[in-house]
Amino acid sequence: ALYRLFANIEDLLGEVAAECRRSFAHSLRLGVEGVQEPRDRARQMCRTYLEYAVDHPSHYDLMFARNAPLSSHARAFEAGEVSFNLLIDLAQSTGALPAEVTAFHVWSQLHGTVELLKHLALPAGLGERRDEIVERTIDGCIASLGLESP
């Protein structure tokens, strides 16, 4: 059985979370591959982030599990840093400084939207406006990066 390869359940979950985070970073990289214009690159990275969360909800949940001691698992933490560094690189490429703070702000907008759309019952009429919510979130990220939204 797979669990016998690990010292305990935390190590097993940590390794699974690390793999999910590596997959997420890979998706972000692929999502912007060949996109040169900064605004288009930023928009595509934000869209890829949101699409990954929708397309891989279990992976996304495990990457950000609140009840599992994953933050102490070094490989999961390192794999998560790769994705955050991609956001830092994006912020640096747009001149949005300090890049780490800007990247955190963009991440919080994207992550917050994912969490709210997944876990909250939206008020009447708002559920049908998910696409608009997503686009406004992306526009907010673009503004945080100091780029004009078309």
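Residues numbered from 1 in each chain as written. Predicted model: local features only at pLDDT ≥ 70, side-chain atom pairs only at ≥ 80, totals over all residues. Heavy atoms only, no water.

Here we take up the overall build of the protein chain. For the protein chain, the helix and strand inventory stands at six helices and zero strands. Order of helices (α) and strands (β) in the protein chain, N terminus to C terminus: α-α-α-α-α-α. Taken over the C-alpha trace, the protein chain has a radius of gyration of 16 Å; the compact-globule value for 150 residues is 15 Å, and the two agree within 12%. Each principal axis of the C-alpha distribution contributes one length, and for the protein chain these read about 55 × 40 × 25 Å. With 150 residues in all, the protein chain has 37% of them scored as buried. The contacts in the protein chain between residues at least 6 apart in sequence include a share of 69% that link residues at least 24 apart. With the model as given, the accessible surface of the protein chain reaches about 8,800 Å², and the carbon-plus-sulfur share is 56%. (Helix = DSSP H or I, 4+ residues; strand = E, 2+ residues; numbered from the N terminus. Rg over C-alpha atoms; globule rule 2.2 N^0.38 Å. Buried < 20%, exposed > 50% of the residue type's maximum accessible area, 1.4 Å probe, protein only. Contact = heavy atoms within 4.5 Å. Areas by Shrake-Rupley, 256 points an atom, 1.4 Å probe, with all protein chains shown as cover.)

Applying the stated criterion across every chain yields a total of nine salt bridges. Here E135 and R47 are joined by a salt bridge, their closest N and O atoms 2.8 Å apart. Highlighted residues: E135 in helix α6 (residues 130-144) and R47 in helix α2 (residues 38-55), separated in sequence by 88 residues. Residue class for E135 comes out partly exposed when judged on its relative accessible area of 30%. (Salt bridge = Lys/Arg side-chain N within 4 Å of Asp/Glu carboxyl O.)

Okay, unusual backbone geometry next. Here the residue pair L97 and P98 is connected by a cis peptide bond, since its omega of -5 degrees sits within 30 degrees of zero. Along the chain, the position of P98 falls in the loop between α4 (74-94) and α5 (99-119).

Between the first and last C-alpha of helix α1 (residues 9-32) there are 35 Å, a value that for 24 residues agrees with the 34 Å anticipated at 1.5 Å per step. Looking at α1, one finds that the buried residues are L12, G14, E15, A17, A18, C20, R21, F24, A25, L28, G31 and V32. The inward-facing, buried residues of α1 abut α2, α3 (57-63) and α4. (Expected span 1.5 Å × (residues − 1).)

Packing of α1 against α4 brings their axes to within 7 Å, and their N-to-C directions diverge by 15 degrees. Accordingly, the angle class assigned to the pair α1 and α4 is roughly parallel. The element α1 and its partner α4 pack so that their crossing is left-handed. On α4, the residues that touch G14, E15, A17, A18, R21, R22, F24, A25, L28 and R29 of α1 are R75, A76, F77, A79, G80, V82, S83 and L86. Tallied by class, residues from the contact of α1 with α4 come to ten nonpolar, three polar and five charged. (Axes fitted to C-alpha atoms, helices over the stretch in contact; angles between N-to-C directions. Parallel < 35°, antiparallel > 145°, perpendicular 65-115°, else oblique. Left-handed = near helix turned anticlockwise from the far one by under 90°. Nonpolar A, V, L, I, M, F, W, Y, C, P; charged D, E, K, R; others polar.)

Moving on, we come to the confidence of the model for the protein chain. Residue-level pLDDT values for the protein chain average 87, and 93% of them are 70 or greater. When the elements of the protein chain are averaged for pLDDT, α4 gives the smallest value, 87, and α2 the largest, 95. (pLDDT = per-residue confidence, 0-100.)

What follows is about the environment of E51. Within the secondary structure, E51 sits in helix α2. Here E51 falls in the partly exposed class, since its relative accessible area comes to 40%. Counting along the chain gives 42 residues from E51 to S93, while the straight-line C-alpha distance between them is 23 Å.

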